[in-house]
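# Breakdown of the fold
Here is what each chain is made of, one letter per residue.
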Amino acid sequence: MRVGVYLAHPKPGSFNHALFDAVVDELREHGAEVVAHDLYAEGFSPLLTAGETETVAASGTAGDARLALHREEVAALDALVLVHPNWWGMPPAVLAGWVQRVMVPGVAYKLGTADGEPVGLLRAGRALVLNTSDTPETREREEFGDPLERIWAACVLPYVGVTDVRRRVFRTVTDSSGAERAQWLRQARQDAAALIG
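In short, a report on the structure. (Residues numbered from 1 in each chain as written. Predicted model: local features only at pLDDT ≥ 70, side-chain atom pairs only at ≥ 80, totals over all residues. Heavy atoms only, no water.)

Okay, the packing of helix 3 (residues 65-75) against helix 4 (residues 93-102) next. For the pair helix 3 and helix 4, interaxial distance at closest approach is 10 Å and the crossing angle is 75 degrees. On the basis of the axis angle, helix 3 is roughly perpendicular to helix 4. Between helix 3 and helix 4, the residues in contact are L67, H70, R71 and V74 and W98, R101 and V102, respectively. Counted by class, the contact of helix 3 with helix 4 contains 4 nonpolar, 1 polar and 2 charged residues. (Axes fitted to C-alpha atoms, helices over the stretch in contact; angles between N-to-C directions. Helix = DSSP H or I, 4+ residues; strand = E, 2+ residues; numbered from the N terminus. Parallel < 35°, antiparallel > 145°, perpendicular 65-115°, else oblique. Contact = heavy atoms within 4.5 Å. Nonpolar A, V, L, I, M, F, W, Y, C, P; charged D, E, K, R; others polar.)

Shown next as structure tokens:
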């Protein structure tokens, strides 16, 4: 099984990095072929160009070698794992830009007309989203409506053909203890193993 694991956090040594490392390690221990990307460390540019704004016609060849590699890889995955913090109810800009530049028509979906229904093209039928947050769960749900759940499970992943979307939120991170973080890493490993099980 080929799994892409994508990290979006700029600070080396962050808990997001620990989650990323744990998931990559767990997947490899279970025999998965892992394509692992730390988007910040790689310098992935989130800036959508004017030529990349097409939503209906299939995208042309990417002029950027890194972008072309990401598009080629994502099209051949069996599952996706996205690891990122909740910043203002959104993923970090680098991951939002990755979605906009990589999940393009002809690679991730097909759309006949602008108002039509998309046909997801990704082979990956399942995804795991691991989020960190400093917002208590009740407040996130009642005041904000859990925007990350809507982004991933309603807007992005089903659009490109991912029908099994799993998500885990670890909170609150800033004041968490070492024991809590160790338990969270064990949970992330279990979730990764279940994704390919």
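Now that the structure has been shown, we can carry on.
Burial of helix 4 is extensive: 7 of the 10 residues sit out of reach of the surface. Taken together, the buried positions of helix 4 are occupied by V94, L95, G97, W98, V99, R101 and V102. Turning to helix 4, the residues buried within the fold contact strand 1 (2-7), helix 2 (39-42), helix 3, strand 3 (79-85) and helix 6 (147-156). (Buried < 20%, exposed > 50% of the residue type's maximum accessible area, 1.4 Å probe, protein only.)

This brings us to the environment of H17. Tracing the chain through its elements places H17 in helix 1 (residues 15-29). Classification of H17 by relative accessible area gives buried; the value is 13%. Residues H17 and H84, 67 residues apart in the sequence, show an inter-C-alpha distance of 9.0 Å. Sequence-distant contacts of H17, defined by excluding residues within four places in its chain, comprise L7, H9, K11, P12 and D38. At 2.7 Å, the side chain of H17 and the side chain of S14 are in polar contact. (Polar contact = N/O pair within 3.5 Å; in protein donor to acceptor, adjacent residues only side chain to side chain.)

Turning to a nonpolar patch on the surface, a few remarks are in order. Residues Y40, W87, W88 and M90 make up a contiguous nonpolar surface patch of roughly 510 Å² in combined accessible area. Considering the arrangement of structural elements, one finds M90 in the loop between strand 3 and helix 4. Classification of M90 as partly exposed rests on a relative accessible area of 45%. (Patch = residues over 30% accessible without salt bridge, like charges linked within 9 Å, V, L, I, M, F, W, Y side chains within 5 Å. Areas by Shrake-Rupley, 256 points an atom, 1.4 Å probe, with all protein chains shown as cover. Salt bridge = Lys/Arg side-chain N within 4 Å of Asp/Glu carboxyl O.)

Our focus in this paragraph is the nonpolar core. Formed by 31 residues in total, the largest nonpolar core has its most connected members in Y6, V74, L80, W98, M103, W152 and L157. Put simply, the parts of the chain that give this core at least two residues each are helix 3, strand 3, helix 4, strand 6 (126-133) and helix 6. The residues touching W98, leaving out its near neighbours within four places in the chain, are Y6, L39, F44, H70, V74 and M103. Ranked by size, the runner-up nonpolar core spans 23 residues in total, among them L7, F20, V81 and L195. (Core = buried A, V, L, I, M, F, W, Y, C linked by side-chain atoms within 4.5 Å.)

Strand order in the open sheet made by the 5 strands is 2-1-3-6-7, with parallel pairing throughout. In this open sheet, the two strands that pair with only one neighbour each are strand 2 (33-38) and strand 7 (164-171). Sheet twist, expressed as the mean angle between neighbouring strand axes with direction ignored, is 15 degrees. Pairing of strand 1 with strand 3, which is carried by 5 bridges, proceeds in the parallel orientation. Within the sheet, the bridge partner assigned to L7 lies in strand 3 and is V83. (Pairing = 2+ DSSP bridges.)

A few words now on the pattern of salt bridges. According to the stated counting rule, one finds 9 salt bridges in the structure shown. Close ionic contact of R189 with E26 constitutes a salt bridge, the shortest N to O distance being 2.7 Å. In this pair, R189 is assigned in helix 7 (residues 178-196) and E26 in helix 1, connecting sequence segments 163 residues apart. The class for E26 is buried, based on a relative accessible area of 12%. D164 is paired through a salt bridge with R166; the nearest N and O atoms lie 2.8 Å apart. Among the residues examined, D164 registers a relative accessible area of 27% and is labelled partly exposed. Of the residues examined, R166 reaches a relative accessible area of 27% and is grouped as partly exposed. Here the salt bridges share partners, and the residues they tie into one network are D25, E26 and R189.

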